[in-house]
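Inside the fold
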Amino acid sequence: MSAQPEHGRGTTPLPEIRTVDDLRGVLSRYGFPGDRERFEKELAAAVGASPVNDLEGAAAVVRAYRHRVRIRNSPEIMAALEEARAGGS
């Protein structure tokens, strides 16, 4: 049996993220496990707590998760995180 590549890590180029729906799809396929579900909860909470004329809180959630996906799919960043984790044990 051959080793399977870890979910999302460098397997294919990350698609462009232009909309919240794009981000949802990318989180489902390329995110850390549980990211999509946490994103939906955090986004709903941010929208619910936002004044009707200021959705900056929701935008901050979207930016944070877009960044998480980029980190997850950067071999260099993931290698550095693994190295840091191994050195910290």
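Described below are features of the structure shown in this document.

The rules behind each value
- Residues numbered from 1 in each chain as written.
- Predicted model: local features only at pLDDT ≥ 70, side-chain atom pairs only at ≥ 80, totals over all residues.
- Heavy atoms only, no water.
- Helix = DSSP H or I, 4+ residues; strand = E, 2+ residues; numbered from the N terminus.
- Expected span 1.5 Å × (residues − 1).
- Buried < 20%, exposed > 50% of the residue type's maximum accessible area, 1.4 Å probe, protein only.
- Salt bridge = Lys/Arg side-chain N within 4 Å of Asp/Glu carboxyl O.
- Contact = heavy atoms within 4.5 Å.
- Phe/Tyr/Trp six-rings, centres within 6.5 Å; stacked < 30°, edge-to-face > 60°.

Remarks on helix H3 (residues 56–72)
Given 3.6 residues per turn, any residue in an α-helix points the same way as the ones three and four places further on. With 17 residues, H3 should reach 24 Å at 1.5 Å per residue; the first-to-last C-alpha distance of 24 Å fits that figure. Those residues of H3 that fall on the buried side of the exposure criterion are Ala58, Val61, Val62, Tyr65, Val69, Ile71 and Arg72.

Details of the pattern of salt bridges
Between side chains of opposite charge, a pair can form as their charged atoms come close. Counted according to the given criterion, the structure contains 8 salt bridges. Glu16 is the partner of Arg18 in a salt bridge, and the nearest nitrogen-oxygen pair spans 3.6 Å. As far as burial versus exposure is concerned, Arg18 and Glu16 are alike and both exposed. For Arg85, the salt bridge identified is with Glu82, shortest N-O distance 3.4 Å. Taken together, the residues span about one helical turn, with Arg85 and Glu82 both in helix H4 (residues 75–87) at a distance of 3 residues.

A short note on H4
With 13 residues, H4 should reach 18 Å at 1.5 Å per residue; the first-to-last C-alpha distance of 18 Å fits that figure. Little of H4 is tucked away, with 1 of its 13 residues classed as buried.

Here's the deal with the side chain of Asp35
Structurally, the position occupied by Asp35 is in helix H2 (residues 35–49). Using a relative accessible area of 0% as the deciding quantity, one classes Asp35 as buried. Contact partners of Asp35, with chain neighbours within four places excluded, come to Leu27, Tyr65 and Arg68.

Here we look at the packing of aromatic side chains
Going through the model one piece at a time under the given rule, you end up with 1 aromatic pair. Ring centres 5.4 Å apart and planes at 65 degrees place the aromatic pair Phe39 and Tyr65 in the edge-to-face group. Here the residue Phe39 occupies a position in helix H2, and Tyr65 occupies one in helix H3, the gap between them amounting to 26 residues.

Keep in mind these numbers describe shape, not what the thing actually does.
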